[in-house]
There are 2 protein chains.
Amino acid sequence: MRIPTFDDVLEAHERIRPYIHKTPVLTSSYLNALTGAELFFKCENFQKAGAFKVRGASNAVFGLRDDQLARGVATHSSGNHALSLSYAAGRRGIPCTVVMPRTAPQAKKDAVRGYGGVIVECEPSTSSREAVFAEVQARTGADFVHPYNDPRVIAGQGTCSRELMEQVEGLDAIVAPIGGGGMISGTCLTLSTIAPQVKIYAAEPLNADDAARSFKAGHIIADDAPDTVADGLKVPLKDLTWHFVKNHVTDVFTATEDEIVEAMKLTWKRMKIVIEASCSVPLAVILKNPQAFKGKRVGVILTGGNVDLDKLPWMKG
Amino acid sequence: MRIPTFDDVLEAHERIRPYIHKTPVLTSSYLNALTGAELFFKCENFQKAGAFKVRGASNAVFGLRDDQLARGVATHSSGNHALSLSYAAGRRGIPCTVVMPRTAPQAKKDAVRGYGGVIVECEPSTSSREAVFAEVQARTGADFVHPYNDPRVIAGQGTCSRELMEQVEGLDAIVAPIGGGGMISGTCLTLSTIAPQVKIYAAEPLNADDAARSFKAGHIIADDAPDTVADGLKVPLKDLTWHFVKNHVTDVFTATEDEIVEAMKLTWKRMKIVIEASCSVPLAVILKNPQAFKGKRVGVILTGGNVDLDKLPWMKG
């Protein structure tokens, strides 16, 4: 396990700058009044490929040695990492293979192909995914870019909070969603170096609360196939991300499914932006735990905006 | 008929600056590739009260003489002007009465009341609205702030393209939706003074194409109760707005209902922002008339983001 350093974040930032947006920070006087905090929303939903994941993916892809290029990159993901790795590989002109369950939404498959990625389908089970991915890697020799448990990916995600700290002065805390922990780890990596006084809160669906339980227990507890509307947050912590959570996170707060959907709809309605359920969890936990945030200047990472507009979670049936 | 001048725009800008946002300009490499143009989206959906209308309404409200304040302002509107006037009056601490059809969406009524406006309901007919409004005005002595056919309102709307011209260099054209013509008139007012070389296109629903037909005929033709998903654009031109359309608009393009909804959904999906159907018409007409925009730098006014999230136009039934 190689733990990335802040120098890796700086290097990543230089490397990926031409391929990512410096995303804007938005505020809402309505949400400030509602929460009693000053909230600064870092809009990674406006990021290339629609999510922060392109930071880590681009860092991995553009950090490859010349002799690795022909074999390209590969990953398994049915979400934003698949899109982001395909985007980054497309920009570098190298092959990208993504193992996706055949049941993944057609829109996600189309988006991966739109960026030039090649999809190899597996059955929707861990055993099938691992078998198919092993075959792909053996056949292509591609570099495996894990969605989060990869030092290159974590260093890339660390560029997000570096930007945020440049954009907003005097933050007291940052809240980010936690699934596998890539964004939170990058945030820890950056803040523990440049702003160790800033508190870091992880926001997690109660239905997939492996990080909250791990945090309390002091060791990794993996969930078994959790189900939540925040579909980017179903995956468990791994050794590398656990290292950062354990050492640098102030607390892990959870929110129910209803609270997440309500925060999502509230953000759309008042801020006029499209965000995923996954990045509505931070606002949900801020509303739920006012004592931790009241009177504070709080950065909120809006991690992505890739939503199926035909199936919004507040539209039942 | 008092025709506002660019000095009125400058005065309006100073007057309203504390109460409005200088809204950001967003771009989309996807939509640029799709249209062959360079598009610059002026995000008035992020404006206070969710729409550009707050510019004109604030200019009227903050331009009142002291002796007018106690009697307040009044208008008839079931849309963004109602919200905006209520917001502005609330900021100045004066009464605001809005005549709205009793059939107006509950969400709009709640929003007006949320800003401190008082609603007087009328039947959903022109005769009822006029009768009720006359009664309100007689009773309150309030200053009538027309949604668009008012020089103070037009001068206020003119601040939007003034900002856009500061934010983006070398624009070849600006496209804005047209209903009653307040935004287009403000755009004409500003550009005819500071950038007369910039073409001004008005974008209109085919189902409510009174401006397109008036433009061709050379005189005002009012539609009779048009029906369109772009519900902010149902109202007809009036003498003041017709003056600007006639003298300064390059062309009026129309789009069908399907084209408008498709452009709206495309904007949500690719730009991750919530916009109304009314301000999807410009992108719809740009996609429909590529010859006019190809290779050009084009400003697009996104006029508002007040959408009923429970009733999205691409969700049938």
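This one's a predicted model, so the numbers in the text were calculated from it and none came from an experiment.

(A) Examining the relation of the copies chain B and chain A more closely. Of the transformation superimposing chain B on chain A, the axial component is 0.0 Å and the angular component is 180°, with the fit at an RMSD of 0.0 Å. Expressed as a symmetry operation, the mapping of one chain copy onto the other fits a two-fold axis. Minimal C-alpha separation from the rotation axis in chain B is found for isoleucine 273 of chain B, amounting to 2.1 Å. An overlap of 100% is found between the interface residues of chain B and their copies at the interface of chain A, pointing to a shared contact surface.

(B) The arrangement of the interface of chain B and chain A in detail. With 23 residues of chain B in contact, the opposing surface of chain A contributes 23 residues. For the pairing of chain B and chain A, the buried interface totals around 1800 Å² over both sides, and the portion due to carbon and sulfur atoms is 61%. By the criterion of area lost to chain A, the three top residues of chain B are Lys272, Leu309 and Met315 of chain B, representing 36% of everything that side buries. Joining chain B to chain A, the criterion identifies 2 salt bridges. The tally of links between chain B and chain A comes to 12 residue pairs in polar contact (both at pLDDT 80 or more). Considering each element in turn, the side of chain B that touches chain A owes the most residues, 5 residues, to helix H11 (residues 257-271) of chain B. In the side of chain B that touches chain A, the residues fall into 11 nonpolar, 5 polar and 7 charged.

(C) Fine view of the packing of helix H4 (residues 80-92) of chain B against helix H5 (residues 106-114) of chain B. Residues and elements named next belong to chain B. At a closest axis distance of 8 Å, the pairing of H4 and H5 adopts a crossing angle of 15°. Considering their axes alone, H4 and H5 lie roughly parallel with respect to each other. Along this stretch, H4 crosses H5, giving a crossing that reads as left-handed. Contacts between H4 and H5 pair Asn80, Ala82, Leu83 and Ser86 from the former with Lys108, Ala111 and Val112 from the latter.

(D) Looking closely at the nonpolar core. Grouped together as the largest cluster of nonpolar side chains are 82 residues, with contacts concentrated most on Trp268 of chain A together with Trp268 of chain B. Not counting the four nearest positions on each side in its chain, tryptophan 268 of chain A is found in contact with Ile273, Val274, Ile275, Val307, Leu309, Leu312 and Trp314 of chain A together with Trp268, Val274 and Leu309 of chain B.

(E) Just H5 of chain B, in detail. All names here are of chain B. For H5, the set of buried residues is Lys108, Lys109 and Val112. Taken down its axis, H5 places every buried residue within 100° of arc, on the same side. Its buried side turned inward, H5 meets H4, strand S4 (96-101) and strand S5 (118-122). Downstream of H5 by a residue or two, glycine 116 has a phi angle that is positive, lying close to 100°.

(F) Highlighting the side chain of histidine 146 of chain B. All names here are of chain B. Here histidine 146 shows up in the loop between strand S6 (143-144) and helix H7 (151-167). On the basis of relative accessible area, histidine 146 is assigned to the buried category, the value being 13%. One polar contact links the side chain of histidine 146 to the main-chain amide nitrogen of tyrosine 148, over a distance of 3.0 Å. Side-chain polar atoms of histidine 146 contact the backbone nitrogen of asparagine 149, separated by 2.8 Å. Look past the residues within four positions of histidine 146 in its chain and what remains in contact with it is Thr75, His81, Val153 and Lys238.

(G) Quick peek at the packing of aromatic side chains. Scanning the model with the defined rule gives 15 aromatic pairs over all chains in all. Here tyrosine 87 of chain A and tyrosine 115 of chain A contribute two aromatic rings whose centre-to-centre distance is 5.7 Å and whose plane-to-plane angle is 85°, an arrangement assigned as edge-to-face. Highlighted residues: tyrosine 87 of chain A in helix H4 (residues 80-92) and tyrosine 115 of chain A in the loop between helix H5 (106-114) and strand S5 (118-122), separated in sequence by 28 residues. Measuring from ring centre to ring centre gives 5.4 Å for tyrosine 201 of chain B and phenylalanine 253 of chain B, while their planes differ by 10°; the resulting arrangement is stacked. A residue pair is termed long-range when its members are at least 10 positions apart, and tyrosine 201 of chain B in strand S8 (residues 199-205) and phenylalanine 253 of chain B in strand S9 (residues 251-255) qualify at 52 residues. Through pairs of rings, three or more aromatic residues link up here, namely Trp268 and Trp314 of chain A together with Trp268 and Trp314 of chain B. The ring centre of tyrosine 30 of chain A lies 3.7 Å from the NZ or CZ of arginine 270 of chain A, which sits over that ring.

(H) Main features of the sheet that holds strand S3 (residues 73-76) of chain B. Residue and element names in this part refer to chain B. Read across the sheet, 4 strands follow the order S5-S4-S3-S6 without closing on themselves; strand pairing throughout is parallel. Edge positions in the sheet fall to S5 and S6, since each of these pairs with one other strand and no more. Of the pairings in the sheet, the one linking S3 to S4 comprises 4 bridges and is parallel in character. Considered in S4, the bridge of threonine 75 is made with valine 98.

(I) A nonpolar patch on the surface, seen in detail. Residue and element names in this part refer to chain A. Residues Tyr30, Leu34 and Leu287 make up a contiguous nonpolar surface patch of roughly 240 Å² in combined accessible area. By the element assignment, leucine 287 lies in helix H12 (residues 281-288). Note on leucine 287: relative accessible area 33%, which makes it partly exposed.

(J) Up close: the pairing of S4 of chain B. Residue and element names in this part refer to chain B. Counted residue by residue, S4 has 5 buried out of 6 residues, so it is predominantly covered. Each parallel crossover has a hand, and the one from S3 via H4 to S4 is right-handed. Relative to S5, S4 runs parallel, the two sharing 5 bridges. Paired with valine 98 across the two strands is isoleucine 119, which belongs to S5. Handedness of the S4-H5-S5 crossover: right-handed.

(K) Seen up close, the sheet that holds strand S7 (residues 173-177) of chain A. In space, the 6 strands of this open sheet follow the order S1-S2-S10-S7-S8-S9 (chain A), with mixed pairing throughout. The two strands at the open ends of the sheet, each matched to only one other strand, are strand S1 (25-26) and strand S9 (251-255) of chain A.

(L) The arrangement of the environment of tryptophan 314 of chain B in detail. Position of tryptophan 314 of chain B relative to the elements: it lies in the segment after strand S10 (297-302). Look at tryptophan 314 of chain B and you get buried, because its relative accessible area is 12%. With sequence-adjacent residues up to four places away left out, tryptophan 314 of chain B is seen in contact with Leu309 and Asp310 of chain A together with Val261, Met264, Lys265 and Trp268 of chain B. For tryptophan 314 of chain B, the side chain forms a polar contact with the main-chain oxygen of leucine 309 of chain A, separated by 3.0 Å.

(M) Expanded view of the domain arrangement of chain A. Residue and element names in this part refer to chain A. One can read the domain layout of chain A as domain 1 (6-51 + 150-302) and domain 2 (54-144). Of note, the centres of domain 1 and domain 2, computed from C-alpha atoms alone, are 24 Å apart. The interface of domain 1 with domain 2 comprises 24 residues on the first partner and 17 residues on the second. With both sides pooled, the region where domain 1 packs onto domain 2 buries about 1700 Å², and carbon together with sulfur makes up 52% of that total. On inspection of domain 1 and its partner domain 2, the count reaches 3 salt bridges. The closest approach of N and O atoms between aspartate 143 and arginine 152, which form a salt bridge, is 2.9 Å. The interface formed by domain 1 and domain 2 holds 11 residue pairs in polar contact (both at pLDDT 80 or more) in total. Taken together, the elements giving at least two residues each to the side of domain 1 that touches domain 2 come down to helix H1 (6-16) and helix H7 (151-167). It is H7 that provides the largest number of residues to the side of domain 1 that touches domain 2, a total of 8 residues.

About the thresholds
Residues numbered from 1 in each chain as written. Chains lettered and ligands numbered in written order. Predicted model: local features only at pLDDT ≥ 70, side-chain atom pairs only at ≥ 80, totals over all residues. Heavy atoms only, no water. Least-squares fit on C-alpha atoms with pLDDT ≥ 70 in both. Contact = heavy atoms within 4.5 Å. Buried area = accessible area lost by both parts, 1.4 Å probe. Salt bridge = Lys/Arg side-chain N within 4 Å of Asp/Glu carboxyl O. Polar contact = N/O pair within 3.5 Å; in protein donor to acceptor, adjacent residues only side chain to side chain. Helix = DSSP H or I, 4+ residues; strand = E, 2+ residues; numbered from the N terminus. Nonpolar A, V, L, I, M, F, W, Y, C, P; charged D, E, K, R; others polar. Axes fitted to C-alpha atoms, helices over the stretch in contact; angles between N-to-C directions. Parallel < 35°, antiparallel > 145°, perpendicular 65-115°, else oblique. Left-handed = near helix turned anticlockwise from the far one by under 90°. Core = buried A, V, L, I, M, F, W, Y, C linked by side-chain atoms within 4.5 Å. Buried < 20%, exposed > 50% of the residue type's maximum accessible area, 1.4 Å probe, protein only. Arc of directions from axis to C-beta. Phe/Tyr/Trp six-rings, centres within 6.5 Å; stacked < 30°, edge-to-face > 60°. Lys NZ or Arg CZ within 6 Å of the ring centre and 35° of its normal. Pairing = 2+ DSSP bridges. Patch = residues over 30% accessible without salt bridge, like charges linked within 9 Å, V, L, I, M, F, W, Y side chains within 5 Å. Areas by Shrake-Rupley, 256 points an atom, 1.4 Å probe, with all protein chains shown as cover. Right-handed = clockwise from strand over helix to strand, strands pointing away. Domains from an automatic or database assignment.

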